[in-house]
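# Tertiary structure, described
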Amino acid sequence: MSEAATSVNPGLTPPLLAKRTSRRWMISALLTTAIVALPVLSVIVLAFFPEENIWPHLIDTTLPRYLVTTIKLMIGVGIITLAIGLSSAWAVTMCEFPGRKFFEWAMLLPFAVPAYVIAYVYTSLLDYAGPVQGALRDWFGWANASEYWFPEIRSLEGATLMLGLVLYPYVYLLARAAFLDQSPSLFAVSRSLGHSALSTFFKVVLPIARPAVAVGLSLALMETLNDFGTVDFFAVQTLTAGLFDTWMNLGNLGGAAQIATTMLIFVVILVTLERYSRQRQQQFAARDNRDPIRRFTMSFPRQLICVAVCAVPVVFGFVIPGVTLGVYAWEYFDESWNPAFLHNTLNSLFLSGTAALTTLLIGITLAYSRRLHNTRGMQVLMRLSSLGYAMPGAVLAVGVIVPLAGFDNWLDNLMRDFFGVSTGLLLSGSAFAIVFAYTVRFLAVSAGSVESALQKVTPSMDMASRSLGNSPGKTLVKVHLPMLRGTLITAALVVFVDCMKELPATLILRPFNFETLATYVYQFASDERLYHSALPALIIVLAGIIPIILMSRSISNTRSMA
Amino acid sequence: MRMKLAATAAIALTALPLTASADGDVNIYSYRQAYLLEPLLNAFEKETGIKSNVVFAKQGLAERLEREGRNSPADIVMTTDISRLNDLVERDLVQTLDNDVLEENVPENLRHPEGKWFGLTTRARIIYTSKERVEEGEITTYEQLADDKWDNRICTRSGKHPYNIALISSMIAHHGEAETEEWLQGVKDNLARKPQGGDRDQIKAIAEGVCDVSIGNSYYYGNMLKDDSQRPAAEAVRLVFPNADGRGTHINISGISLTKSAPNKDNAIKLMEFLSSPEAQNIYATANTEYPANPNVTPTGLVAEWGEVHPDSLSLQVIAENRNAAVKLVDRVDYDGE
């Protein structure tokens, strides 16, 4: 009775839940969340112990600029990712044009390029000594930089473009999956009621896709908020820059943790607002409706527009950086080839693969527990477990060290006291610490997409399965997981690619003599030797392409399978 | 089934690194890139048979060391500037080392009075000028960087970079905070563009005609000369060792500390001694064009060509102590702003 009263989800009727199994799911969700939330909680605790109160100085000096720059950057990246992501997803899903099948997966390619790498590449192309300005000087006969104006790539605008180019795939990916999922009959009905294609898009298609688009956009924006590599390289002063300044230059970790916590609160408010605004929506797809999508056939000029909409982001976000890296890698091959590459690549693949799998399992556990037990408390747990994404990687790494080293030392003291043996550090400084950090950081990606996909499965499915005598676990395995196969594969692969690119936490947490591709690139790039890092950077990009192709195929399959 | 897979993987993960730091090695947390240490560590292994293990990061290593406490596997921390060394001392993460070899090899002004850190190399923070547009001798001191004459002609990296912070700290030590603030405001007013990039980028900017004067560490120039694509830019600039006729040029150190936990203390001390020895000091000088800390080592090659530096005799400790004041000064004059 009390369960019925607190239940928000009108679909699942409590009597179907055997109390014990439901509690088992809830407890496992609770435990997982507690572990996953530890690093973020550690940072929040650190925030209570600053070296000095940093705020008066910040407010007097740089804080206003940090805030304005951060907001401008986020708005800019938001606009770019939405514009590119939505338009290309729509074109690829609904329009028929030459190259459509190719762009279906090619749109995702920029996702394989780490933001710091694209920043390095465009700087080397567009700065004074680069080929673009060199050609212009030759052409117009200018002698040096004082004789002409050229846009400065190392600027807020530059950083916005760079981040937009590599982050739009988040929006594209989720928007496309949502468009594919929509019943074509909705579109047809809207058209038959006299709406144009464009107004149908804004009035029907977009509102239905909104939960998915919101997830994609918030992932892109959180990544923007936490980016340090690109903004640091471009000297764009965001809150993250202020955070690192407080930590590294003022030696005030507590102050830095306060800034991180403030950013976290900011993110939570944004996400909550978005959710609140569509609180009353509840959508379930009628699964029996599996009409194939009838794509628009279009006039030639319109087809050209579609090709352009899709080609431009791919060219700037992938082809140009990829080719440039390829050229550098070729030119500096002797200096940069290193037998350790294979080893570093295996490290990257192993860590990312393990983290992707772990993240997926936890994501499923949490999302399904919430489905079974949709209380306020479960919702809060879901949100809590996703907070790792809202924190800069290096700060999160410190948050990971605190509980892991704490546990190691606690166990060690215990063993010393009782048995006279030292167990030393077991978790801290191990590959486990890195996988843990990846899981905490990227759980938002998998839990978010599993949750939104699960929400669209009508509860009558659960009821049917349960009334046939299946336990919740069996229902999950037999009914939900097969249905969500595409989403699950996509979620795991997104996490995989993200882990391949992850840098700051890996740097801090790794064992001795341990390199991933990203850390290997960084040690040269951080010493202002970009050319030497071209080859390993190219390998990160190439390693990211394969999962991307798999990902795209898995999405298309979900539609054609039915 | 999947759960089992994950569990097996987790166990494999924890086992993985244990093989990487065996006893009898020496373990290093380094703020300096591992590949820059490689030639030194290889030479050390060849001489002693002791293998070195490295973790390189620019942030978070002190926090990791602190949290790992007495069980930390790290024996040694290597840094690239004085303020990081001072941090380690202030957080009580490193131990006193009373060692004759190190005390003989490293002059008193380049090591901690109680042996909590030792400088290994010094780098001068010098002024680069355009060979074309700036006469020799037109600028000879840091103070002159604030002259109106250089309006719109100076480029630097971020004022917040540790190398610039140390330079500003030394200015505070010599002139006091108020006068230094005025000076820094003057330098900012003279900037040709918003601070950005690294020290090499400023040298490139001079070659490109964006500005005429920049500040940078001495070794960047040397390393640019070694790189075919960067050599033309380096050849467009002249080196000025500021305040050579006065108090001397501001220097910073890269250094080394023995951690409190140091499980392989004997090996660690051997490595520290080795790094201060003529053999290792020569590698530093030739491989990264830095000045050897060991006064008995005569630099070769490019470093020798630059001639003797007259370093500012200001204690590095004082520079470290002024750090926070310097950082706040940079914010107050909005040095990194538009």
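The structure presented is a predicted model; accordingly, all values stated were derived computationally and were not measured.

Scoring rules and cut-offs
- Residues numbered from 1 in each chain as written.
- Chains lettered and ligands numbered in written order.
- Predicted model: local features only at pLDDT ≥ 70, side-chain atom pairs only at ≥ 80, totals over all residues.
- Heavy atoms only, no water.
- Helix = DSSP H or I, 4+ residues; strand = E, 2+ residues; numbered from the N terminus.
- Rg over C-alpha atoms; globule rule 2.2 N^0.38 Å.
- Contact = heavy atoms within 4.5 Å.
- Areas by Shrake-Rupley, 256 points an atom, 1.4 Å probe, with all protein chains shown as cover.
- Lys, Arg positive; Asp, Glu negative; His and termini not counted.
- Charge placed at Lys NZ, Arg CZ, Asp CG, Glu CD.
- Phe/Tyr/Trp six-rings, centres within 6.5 Å; stacked < 30°, edge-to-face > 60°.
- Buried < 20%, exposed > 50% of the residue type's maximum accessible area, 1.4 Å probe, protein only.
- Lys NZ or Arg CZ within 6 Å of the ring centre and 35° of its normal.
- Buried area = accessible area lost by both parts, 1.4 Å probe.
- Salt bridge = Lys/Arg side-chain N within 4 Å of Asp/Glu carboxyl O.
- Polar contact = N/O pair within 3.5 Å; in protein donor to acceptor, adjacent residues only side chain to side chain.
- Nonpolar A, V, L, I, M, F, W, Y, C, P; charged D, E, K, R; others polar.
- Expected span 1.5 Å × (residues − 1).
- Domains from an automatic or database assignment.
- pLDDT = per-residue confidence, 0-100.
- Pairing = 2+ DSSP bridges.
- Right-handed = clockwise from strand over helix to strand, strands pointing away.

The subject of this paragraph is the overall build of chain A. Along chain A, the regular secondary structure elements total 25 helices and two strands. Relative to the globule expectation of 24 Å for 562 residues, the C-alpha radius of gyration of chain A, 25 Å, shows essentially globular dimensions. Principal-axis analysis of the C-alpha atoms gives chain A an extent of 80 × 80 × 50 Å. Counting only contacts in chain A whose residues sit at least 6 apart along the sequence, the fraction spanning at least 24 positions is 82%. Carbon and sulfur atoms make up 69% of the accessible area of chain A, which amounts to about 22900 Å² in all. Between the averaged position of the 38 positive side-chain charges in chain A and that of its 32 negative side-chain charges there is a distance of 19 Å.

This part is about the packing of aromatic side chains. Residue and element names in this part refer to chain A. Using the criterion set out here, one finds 27 aromatic pairs over all chains in the structure. Seen from their ring centres, phenylalanine 97 and phenylalanine 103 are 6.4 Å apart, and the 35 degrees between their planes marks the pair as tilted. Of the two residues, phenylalanine 97 and phenylalanine 103, neither departs from the other in class, the shared state being buried. Members of the aromatic cluster, connected to one another through ring pairs, are Trp90, Phe179, Phe201 and Phe202. Positioned above the aromatic ring of phenylalanine 233, the side-chain terminus of arginine 154 is 4.5 Å from the ring centre. One cation-aromatic arrangement involves arginine 441 over tyrosine 389; the distance from NZ or CZ to the ring centre is 5.4 Å.

Quick look at the interface of chain B and chain A now. Between chain B and chain A, the residue contacts involve 66 residues of the former and 70 residues of the latter. For the chain B and chain A pair, buried surface summed over both sides reaches about 5800 Å², with 54% attributable to carbon and sulfur atoms. The tally of links from chain B across to chain A stands at four salt bridges. The partner of B:Asp201 in a salt bridge is A:Arg154, and the shortest N-O contact between them spans 3.6 Å. There are 24 residue pairs in polar contact (both at pLDDT 80 or more) connecting chain B and chain A. Elements that contribute at least two residues to the side of chain B that touches chain A include exactly helix H1 (2–15), strand S1 (26–30), helix H2 (34–48), strand S2 (52–56), helix H3 (61–68), helix H8 (199–208), helix H9 (218–225) and helix H15 (323–332) of chain B. Per-class residue counts for the side of chain B that touches chain A are 22 nonpolar, 21 polar and 23 charged.

Take helix H7 (residues 177–189) of chain B next. All names here are of chain B. Between its first and last C-alpha atoms H7 spans 18 Å; for 13 residues at 1.5 Å apiece the expected length is 18 Å, and the two agree. Looking only at H7, the buried set comprises Thr180, Trp183, Leu184, Gly186, Val187 and Lys188. Buried residues along H7 sit in contact with helix H6 (162–175) and H15.

Residues and elements named next belong to chain B. Looking at chain B, the domain boundaries give domain 1 (23–122 + 252–305) and domain 2 (123–250 + 317–332). The C-alpha centroid of domain 2 is placed 27 Å from the C-alpha centroid of domain 1. If you look at the interface, domain 1 gives 22 residues, while domain 2 gives 17 residues. At the boundary of domain 1 with domain 2, total buried surface from both sides reaches about 1500 Å², with 47% on carbon and sulfur atoms. At the junction of domain 1 and domain 2, the tally comes to two salt bridges. For the salt bridge of arginine 323 with aspartate 87, the shortest nitrogen-to-oxygen distance reads 3.4 Å. Our count for the contact surface shared by domain 1 and domain 2 stands at ten residue pairs in polar contact (both at pLDDT 80 or more). For the side of domain 1 that touches domain 2, the secondary structure elements donating two or more residues are helix H4 (82–90), strand S4 (118–130), strand S8 (251–258) and helix H12 (278–288). Each residue belonging to the side of domain 1 that touches domain 2 can be placed in one class, and the counts come to six nonpolar, eleven polar and five charged.

Per-residue confidence for chain B averages 89 on the pLDDT scale, and 93% of its residues sit at or above 70. Below pLDDT 50 for its whole length, residues 14–21 of chain B participates in 17 contacts with residues either more than four positions away or in separate chains.

Here we take up the pairing of S1(B). All names here are of chain B. Burial runs high along S1: five of the five residues are buried. The two faces of S1 match: Val26, Ile28 and Ser30 on one face and Asn27 and Tyr29 on the other face are all buried. When S1 meets S2, the two strands line up parallel, connected through five bridges. Bridge pairing in S2 links valine 26 to serine 52. As for the winding sense of the linkage, the β-α-β connection from S1 through H2 to S2 is right-handed. Alignment of S1 against strand S3 (residues 76–79), held across three bridges, turns out to be parallel. Opposite tyrosine 29, over in S3, you have valine 77 as the bridge partner.

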